Amino acid sequence: MTTSAPLPPMPPGHWLWGHQLQRQTDPLGLYLRARQQFGDVVRYRMAYVYVEQLTHPDHVKHVLADASARYTKGSVFDKTRPLVGNGLLTAEGDFWKRQRRLSQPAFHRERLAALATMMTDSVSEMLQTWAPAVDASRPVPVFQEMMKLTLTVVVRALFSADVREQTSALGEAFTSALEVTNARIVSPLPYQPWLYRLPTRQNRAFQRATATLEHIVGGIIASRRAAGATKANDLLGMLMEACDADTGDAFDDAQLRDEVMTLLLAGHETTATALAWTFHLLEKHPEVEATLHAEVDAALGGRLPTVEDLPKLRYVTCVFEEAMRLYPPIWAIPRVPTEDDEVGGFRIPKGDIVVLVPYVTHRHPDFWPEPERFDPTRFLPEKSKERPRWAYLPFGGGQRQCIGNNFAMMEAQLILAMVAQRFTLRGVPGVPVEPEPHVTLRPRGAMPMGVVRRPNAPQAQSRTA
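Residues numbered from 1 in each chain as written. Predicted model: local features only at pLDDT ≥ 70, side-chain atom pairs only at ≥ 80, totals over all residues. Heavy atoms only, no water.

## A few points about the packing of aromatic side chains
Consideration 1: Inspection of the entire model under this criterion finds eight aromatic pairs.
Consideration 2: On the basis of an interplanar angle of 35° and a centroid distance of 5.8 Å, the ring pair of Trp-368 and Phe-379 is categorised as tilted. Remark: Phe-379 occurs in the loop between α17 (358-361) and α18 (381-384) and Trp-368 occurs in the loop between α17 and α18; sequence separation between them is eleven residues. Each member of the pair Trp-368 and Phe-379 is classed as buried.
Consideration 3: A connected cluster of aromatic rings, assembled from ring pairs, spans Tyr-31, Tyr-44 and Trp-331.
Consideration 4: Above the face of the Phe-206 ring, Arg-184 is positioned so that its terminal group lies 4.3 Å from the ring centre.
Consideration 5: Taking the ring centre of Phe-379 as reference, the NZ or CZ of Arg-387 above it sits at 5.0 Å. (Phe/Tyr/Trp six-rings, centres within 6.5 Å; stacked < 30°, edge-to-face > 60°. Helix = DSSP H or I, 4+ residues; strand = E, 2+ residues; numbered from the N terminus. Buried < 20%, exposed > 50% of the residue type's maximum accessible area, 1.4 Å probe, protein only. Lys NZ or Arg CZ within 6 Å of the ring centre and 35° of its normal.)

In structure tokens:
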């Protein structure tokens, strides 16, 4: 596209580094203030790289849907390739379309419903370990607990019983590889594969972790192939039996490995982060917590939730959705235009980095009255229909919307309901809770919280009242 439109306005910056230092020290504040002062399209210079920030829902829709063919994911996602290969997160073009088409049936709501019992069993196991902390009035590291829980859930969802004896080794290896991947993504150094082959401590840790992952995941795939057991009732089994009815395409072992690693990455930290922020917000808003408890008690009566209960847990869903509005796990989404574009009356040069910022879009005052207020009723159906679809994008949007969004929502509803049945969580005095924007919008530190047993709460939930 040829355009004579002007470049977007740019905030004042350092003569050499531009806005890079502000981006490193306070990216949330930088992006939020820039929208307030300069509008919905803002330009930055990050040292030698130019970045355009887009925050209006119409502009988000333009990049992710209307003009998505003119945008690629860019080199930021290349930094995840050593871990996830060429899976759904990193693939582009026709190959991505093929992978998405093959993967999609495994994530239909009907097939995911079979995983609900596994999820509630995993939550029950976690809650049982909280009992000593309750009795001793000892804080629980909530963010770490959510990280362990969501990793357990996604591992069991992928591999069923195949990995039961190896869950600990798989979890430790993946956590180690993920920490290195996060560090590489936030590093200002460009993507250069040779850097990752240098014998640094970080690279050696990553190589050890990925060797363990390759051994476990590759071994499971190979053993299922050898036994002809490709139709197990788990996500790996669904992917192994996936076949395109028109072309006969199916996943080979290398592609299965890449998709497994992608699902471990995408189905783990994002959900854990959103849940941790949800518990923090509930602690700060006791009136919301009381409404949540009332709904859970009325709907479940002390028994374990099932997938059939989820429609009755409407307020639970609203609470989680509102938490993701204020603290979207994926708080920034980068894209790179392959040709000049025009957005909001401004020119977006080819090759610049375009960053969509859900953290800012979710606070846009034109679409979210009192945007800093925690108000789950915003997501009641009658209020949601008044907002533009693209004003809220916790799972991205367009054809590349997160394939696991239904999995994540089901998991979060069940976890929140089960914790609310038995416990309230309280912040630890003197321990601040602050966002730490890495790849995901983590809370800084472990987020320790006191665990208090609710009056008349069941010691352990059963499947019948």
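## Topic: the packing of helix α8 (residues 116-135) against helix α9 (residues 142-159)
Consideration 1: Contact geometry of α8 with α9 gives a least axis separation of 10 Å together with a crossing angle of 150°. Comparing the axis directions of α8 and α9 gives the class roughly antiparallel. In this structure, α8 meets α9 at a crossing whose hand is right-handed. Contacts between α8 and α9 involve Met-118, Met-119, Ser-122, Val-123, Glu-125, Met-126, Thr-129 and Trp-130 from the first element and Glu-145, Met-146, Leu-149, Thr-152, Val-153, Arg-156 and Ala-157 from the second.
Consideration 2: Its residues placed into classes, the contact of α8 with α9 shows nine nonpolar, three polar and three charged. (Axes fitted to C-alpha atoms, helices over the stretch in contact; angles between N-to-C directions. Parallel < 35°, antiparallel > 145°, perpendicular 65-115°, else oblique. Left-handed = near helix turned anticlockwise from the far one by under 90°. Contact = heavy atoms within 4.5 Å. Nonpolar A, V, L, I, M, F, W, Y, C, P; charged D, E, K, R; others polar.)

## Observations regarding the nonpolar core
Consideration 1: Formed by 122 residues in total, the largest nonpolar core has its most connected members in Tyr-31, Trp-130, Met-146, Phe-159, Leu-235, Leu-264 and Phe-279.
Consideration 2: Per element, the largest residue contribution to this core is twelve residues, and it comes from α9.
Consideration 3: With residues up to four places along the chain from it excluded, the contact list for Tyr-31 reads Arg-23, Tyr-44, Met-46, Gln-53, Trp-331, Val-355, Val-357 and Val-360.
Consideration 4: Leu-54, Leu-64, Leu-356 and Trp-390 belong to the second-largest nonpolar core, a separate cluster that totals 14 residues. (Core = buried A, V, L, I, M, F, W, Y, C linked by side-chain atoms within 4.5 Å.)

## Remarks on the layout of surface pockets
Consideration 1: Computed from the structure, the second largest pocket encloses a volume of approximately 760 Å³.
Consideration 2: For the second largest pocket, the lining is made up of 30 residues, of which Arg-109, Thr-317, Glu-321, Asn-406 and Met-409 are closest to its centre.
Consideration 3: Here the element with the most residues in the lining of the second largest pocket is helix α19 (residues 405-422); it accounts for five residues.
Consideration 4: Of the residues contributing to the lining of the second largest pocket, the split by class is 16 nonpolar, seven polar and seven charged. (1 Å grid on protein atoms, 1.4 Å probe; cavity = no way out; pocket = protein on both sides within 12 Å on 5 of 7 lines; lining within 4 Å. Points joined across faces, edges and corners; volume = space filled by probe spheres on them.)

## A closer look at the sheet that holds strand β9 (residues 423-427)
Consideration 1: Sheet architecture is open: three strands sit in the order β4-β12-β9, paired in antiparallel fashion. Two strands in the sheet have a free side with no partner beyond their single neighbour: β4 (140-141) and β9.
Consideration 2: Helix-sheet contacts for α19 involve β9 and β12 (448-453), and the interaxial angle to β9 is about 90°. (Pairing = 2+ DSSP bridges.)

## A word on the pairing of strand β1 (residues 41-46)
Every other side chain in a regular strand lies on the same face of the sheet, so the side chains alternate between the two faces.
Consideration 1: Most of β1 is tucked away, with six of its six residues classed as buried.
Consideration 2: Because side chains alternate across β1, one face comprises the buried residues Val-41, Arg-43 and Arg-45, and the other comprises Val-42, Tyr-44 and Met-46, equally buried.
Consideration 3: In terms of strand pairing, β1 meets strand β2 (residues 49-54) through six bridges, oriented antiparallel. Looking at the pairing, Tyr-44 lines up with Val-51 of β2.
Consideration 4: Counting the residues that bridge the hairpin from β1 to β2 gives two residues, and of these Ala-47 lies at a positive phi of roughly 60°.

## A closer look at the sheet that holds strand β8 (residues 353-356)
Consideration 1: Taken in spatial order, the five strands make up an open sheet running β1-β2-β8-β5-β3, and their pairing is mixed. In the strand order of this sheet, the two ends are held by β1 and β3 (71-72), each with one partner.
Consideration 2: Of the strands in this sheet, β1, β2 and β8 touch helix α2 (residues 27-38), which is tilted by about 135° from β1.

## What to know about the environment of Glu-214
Consideration 1: On the secondary structure map, Glu-214 appears in helix α11 (residues 201-227).
Consideration 2: By relative accessible area, Glu-214 is classed as partly exposed at 37%.
Consideration 3: With sequence-adjacent residues up to four places away left out, Glu-214 is seen in contact with Gly-219, Arg-257 and Met-261.

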